[in-house]
Amino acid sequence: MMEAPSLLVRDCTLVNVWSGEIYPTDVAVRGNRIVSVAKGEFRDAEQVIDAGGRFVVPGLIDPHMHLDTTSLSPGELARVVVPLGCTTVFVDTTNIVTTGGPDGVRSVIDQFAGLPLRAYFAMPSYSPVDPERETVAYEMDSADLDRMLAWPESVSIGETISAKILSADPDYLERLALCLSRGLRVSGHGGDLPPEVESAFDAYVTAGVRDDHCVTKPADIRPRLRRGVAMFAVESAGRENLTNGLVDFVREQRIPTRHLHFCIDNITVTSMVGRGFGYLDRSVRVAINGGISPVEALRMGTLNTAQHYRLAHLLGSVSPGRLADFSLVHDLGEFRPDLVVADGKVAAVDGVLVTDVPPPEFPASYRTTVRLHPALDAKRLAVSGPAGASTAKVRVIHASDQDAAFNRAETAELPVVDGLVQPDVAADVLKFCMVERYGRNGNATVAFIRGFGLTSGAIASSVSGPSNNIVCAGTDDADMWTAIRRVAEMQGGYVVVRDGEVLADVPLPVGGIISELPYEQVVAAVGRLEQVARDALGCVLTNPVRALAGTVLHTLPAYGMTDRGLVEVSTREFVPVVLEHEEVAR
C-alpha cells in the first residue's frame, strides 16, 4: 500500500507540457515531490484541495532576471512573483559582483534559502567590463569566477559580451571555457550583433553561447534559431517585445517554439505592482491571446527553460518525481492564479503569499558600499568649453522611456559662460554625470542628456548598470551635487532635489541597489518620488530612475558612459563630450 500523499489536488484539469494534452485528473504530492498524476489513484491526503475542474499548470520559470532592478530583497521578490505563478527564477549576478564582489554574490544567494521562490544563479562574466574603462567595487579575475562557478547554485555564466567574443579576447574566452568545463551554460547578450552578418553569429555560438535574451524583433529570431540558440523573449515594462511583434511573427511564420522562452530580464517593482504589469503571467496571457496554443505558451514559460538548464528532471512540468511547483487557474487566457503550490506546500492564495518570509539579513560589508572620494566636489561637474568661444557643439544622449539601455546619439549647440558649457533647459538638454562611488579614485564624467524634460532641479541614482556608480541628471551643478551627496548619505538609492532641498528619496542600502523594506513601502516611496519629479521638476519620463540606470550601459547603442568617459558603442571608444573643431566641420 502506497503511503498517503501530503497534498492531493482532486478533480483538476492538467496542462501536460510533455504530451501536449489537457485532460481531467488528480495530482498527488508527497513532501515536495509529485508522486501521481493519475485519476483516482488516491482518495485521501493530509491536505485535499478540490480543484473543481480548474487547470493545474507548472510553476512559471524565469530564465534570466536581475534582482537588483526590482529593488527588492529576495523575500520581497517572492512575495510579489510567487502569487503570480512564478516559482523559479534564474538570477544574473553581474550587478551584485560589481557592487560587492563574490562575498556580495554569496550573501544574495544565501537570502534565497528557505523561500517559496526557487533560485538558480548565473555568475558574472566580468567585473568590470574593462578595468581601463570603468571603476567598480571589485575587480574579478578568473580564479574568482571559478570559485563562484563551483557553488552548487551556479548554472551558467551570464551577460557575455559579444564584442569580447568576436575580438577573441583571450582572458574573456578563458572565462567561458571555465564555465563550459563544468558543464554549465554560457548565456549571451547579443543585442549588438547585426542580423545580416552571419559570420558574427557563427563565431558567437562557436564560443559556447547557447542562449540570448536580446531578442527584440522578428529579425532577431532566425539567426539564433538556425544555430540552436535558446531565445529568451523579453516582455517587461518598456520592452513589450512579445506584444510588439514577436508573438505575431511566431504564429504567422509557424516558428517552432521549442527554443523560445518567456523572460523578464529587467523590471521595477513599480511596474510589477504599482502599474499592474505583473511578471511572467503577462507573457502567458499575451502569447495565448495572440494565438499561441495554451500548451505551447506554457511550455515557453516552464519546460523549455527547465530543459535548457538541464533541470527537467526537477522542474518545468507537473509529472511524477518532479518538484511540486504548480498553480491552479480558472482560465488559461486570463492566467491569474488563485492558488500556487511551491515545494509541495500551498504558498499563495488569491494573489497573496501565505507563507512567512523572514526579514533580510545582509552583512554590514554589503550595506556600506557608497564612499565618495575626498577629491569629489561640485566643481567636478563643470564642463570646459572651447577657449574664447561663446557656444560649443556637444554630443548628447537622448534617453528613452522604452528600452532604457538603447539610446540615440544627438548633438546640440550650447552656450558657454565664463569658459564653461551650460545646459539648455528650454531645449531639454541637461547636465548628466557619473561619479565613482566606491572611494577608489574620485573619477567623474560629465556629459549632456535629452529626454527628461526637467525645468529645474536634479534626479540621482546609485543604480547604473553595470558599474552602479552614481548617475545624476539636472539643470544646475548645485542641485546635482546635493542629490549626489544625499545618495551617499543613504548608502545608495534614488533622490530628487530642487533649490538645494531634498524633495523625495528612496534608500537602497544593500549594495546601493537593493531595499530592505517590504515591497509595498518601496512601491509607495518610488511612486511618490516619480510624482515629485513630475510635479516639482517637470520630468516627462514615466520611469526616470530606470532611464538613469539603463541609458549608461556601454554595451548597447548608441552611447554609454562610465566614470572615465563617454563611450561610443559602435567603436567601443571614448569620445569627447565637446566636439573638436574638425568634428564640428564635418
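Scroll up to find the structure.
Counting restarts for each chain: residues are numbered from 1 in the order of the written sequence. The predicted origin of the model limits local features to residues at a pLDDT of at least 70 and limits the giving and counting of side-chain atom pairs to 80 or more, whereas totals for whole chains, interfaces and linings rest on all residues. Side-chain numbers come from the whole structure's heavy atoms, not from hydrogens or water.

## Examining the layout of surface pockets
Here is step 1: Throughout, the protein atoms alone are placed on a 1 Å grid, and a set of points is a cavity if a 1.4 Å probe fits but cannot get out or a pocket if it is open with protein on both sides within 12 Å along at least five of seven lines; lining residues have an atom within 4 Å of a point. Grid points are joined across faces, edges and corners, and a volume is the space filled by probe spheres set on the points. The computed volume of the second largest pocket comes to approximately 360 Å³.
Here is step 2: Looking at the second largest pocket, it is lined by 19 residues, and the ones nearest its centre are Gly 114, Leu 115, Pro 116, Leu 117 and Asp 343.
Here is step 3: Working definition: helices are DSSP H or I runs of at least four residues, strands are E runs of at least two. Numbering for both runs from the N terminus. Mapped onto the lining of the second largest pocket, the elements with two or more residues apiece are strand S8 (118-124) and strand S17 (345-349).
Here is step 4: With four residues, the top contributor of residues to the lining of the second largest pocket is S8.
Here is step 5: Three residue categories are used. Nonpolar comprises Ala, Val, Leu, Ile, Met, Phe, Trp, Tyr, Cys and Pro, charged comprises Asp, Glu, Lys and Arg, and polar comprises the others, including Gly. Looking at the lining of the second largest pocket residue by residue, the class counts come to twelve nonpolar, two polar and five charged.

## Section: empty space enclosed by the protein
Here is step 1: Counted according to the given criterion, the structure contains three cavities of 30 Å³ or more.
Here is step 2: In this structure, the largest cavity spans a volume of roughly 100 Å³.
Here is step 3: Along the walls of the largest cavity sit 13 residues, with Thr 69, Ser 71, Thr 268, Tyr 494 and Val 545 positioned nearest its centre.
Here is step 4: Every element with two or more residues in the lining of the largest cavity is listed here: helix H1 (67-70), helix H10 (269-274) and helix H16 (544-551).
Here is step 5: Partitioning the lining of the largest cavity into residue classes produces six nonpolar, six polar and one charged.

## Here's the deal with the nonpolar core
Here is step 1: Residues Phe 112, Tyr 279 and Phe 452 are the most contacted members of the largest nonpolar core, which totals 178 residues.
Here is step 2: It is helix H15 (residues 519-537) that contributes the most residues to this core, nine residues altogether.
Here is step 3: What Phe 112 contacts, discounting residues up to four positions off in sequence, is Leu 67, Pro 74, Val 89, Val 91, Leu 117, Ala 119 and Phe 121.
Here is step 4: Among buried residues, the Ala, Val, Leu, Ile, Met, Phe, Trp, Tyr and Cys ones that are joined through side-chain atoms within 4.5 Å form a nonpolar core. Buried residues are those whose accessible area, probed at 1.4 Å on protein chains only, stays under 20% of the maximum for their type, while exposed residues exceed 50% and partly exposed ones sit between those limits. If you look at the next biggest cluster of nonpolar residues, it comprises 18 residues, including Cys 12, Ile 49, Ala 51 and Val 346. Whether two residues are in contact is decided by their heavy atoms: any pair within 4.5 Å suffices.

## Some details on the pairing of strand S1 (residues 7-15)
Here is step 1: Of all nine residues that make up S1, seven are buried, and the element is covered over most of its length.
Here is step 2: Note on pairing: DSSP must find at least two bridges between two strands before they are called paired. Across four bridges, S1 lies against strand S4 (residues 47-50) in parallel orientation. When the sheet's bridge partners are listed, Leu 7 is paired in S4 with Gln 47.
Here is step 3: Where S1 lies against strand S2 (residues 22-30), seven bridges are found, and the strand directions are antiparallel. From the neighbouring strand, Leu 7 faces S2, where its bridge partner is Val 29.
Here is step 4: Between S1 and S2, which pair antiparallel and follow one another directly, the connecting turn spans six residues, one of which, Gly 20, has a positive phi of 80 degrees.
Here is step 5: Across two bridges, the pairing between S1 and strand S5 (residues 55-58) is parallel. Of the residues in S5, the one forming a bridge with Leu 14 is Val 56.

Scope: geometric values only; no functional claims are made or implied.
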